[in-house]
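What follows is the residue order along each chain.
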Amino acid sequence: MDFVTTTELQKHASGIATKKSPSLVLRHGKPEGIMLPFFSGYESFLSDYMEAYEIEANREKLV
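**Quick word on the overall build of the protein**
Secondary structure assignment for the protein yields four helices and three strands. On the principal axes, the C-alpha backbone points of the protein span a range of 40 × 35 × 15 Å. A total of 63 residues make up the protein; the buried ones form 11% of that total. In the protein, the proportion of contacts linking residues at least 24 apart, taken out of those at least 6 apart, comes to 4%.

**Quick look at the confidence of the model for the protein**
Averaged over every residue, the pLDDT of the protein is 88; the share at 70 or more is 100%. Looking across the protein, the model is least confident in helix H2 (residues 13-17), with a mean pLDDT of 85, and most confident in strand S2 (residues 23-27), with 91.

**Describing the pairing of strand S3 (residues 30-35)**
With five bridges joining them, S2 and S3 adopt antiparallel strand pairing. Across the sheet, Ser23 pairs through a bridge with Met35, a residue of S3. In this antiparallel pair of consecutive strands, S2 and S3, the connection spans two residues, and His28 shows a positive phi of 55°.

**Overview of the packing of aromatic side chains**
By convention here, two paired aromatic rings are described through the distance between centres and the angle between planes. Considering all chains together, one arrives at one aromatic pair under this definition. Both rings, one in Phe39 and one in Tyr42, keep their centres 6.1 Å apart while their planes meet at 65°; by these two values the pair is edge-to-face. Residue Tyr42 is classed as partly exposed on the basis of its relative accessible area, which comes to 48%.

**Looking at the sheet that holds strand S1 (residues 2-5)**
Taking strand neighbours across the sheet as the criterion, the three strands line up as S1-S2-S3 in an open arrangement whose pairing is mixed. In this open sheet, the two edge strands, each paired with only one partner strand, are S1 and S3. Direction aside, the axes of adjacent strands within the sheet are offset by 35° on average.

Calculation criteria
Residues numbered from 1 in each chain as written. Predicted model: local features only at pLDDT ≥ 70, side-chain atom pairs only at ≥ 80, totals over all residues. Heavy atoms only, no water. Helix = DSSP H or I, 4+ residues; strand = E, 2+ residues; numbered from the N terminus. Buried < 20%, exposed > 50% of the residue type's maximum accessible area, 1.4 Å probe, protein only. Contact = heavy atoms within 4.5 Å. pLDDT = per-residue confidence, 0-100. Pairing = 2+ DSSP bridges. Phe/Tyr/Trp six-rings, centres within 6.5 Å; stacked < 30°, edge-to-face > 60°. Axes fitted to C-alpha atoms, helices over the stretch in contact; angles between N-to-C directions.

Here it is as structure tokens:
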């Protein structure tokens, strides 16, 4: 996994986006986001991940 700052992401987005490994985006040393490489055939993994993210992000509202 690669670690990039938001500044590096802004300056080198196209280079970072073409990497074949996940990149963790950091702001002030704290995780802000993650960039995952996309491979054909992994659409179901991505939709499962996004569903899990939505459930976790809205957990208080779902209770």
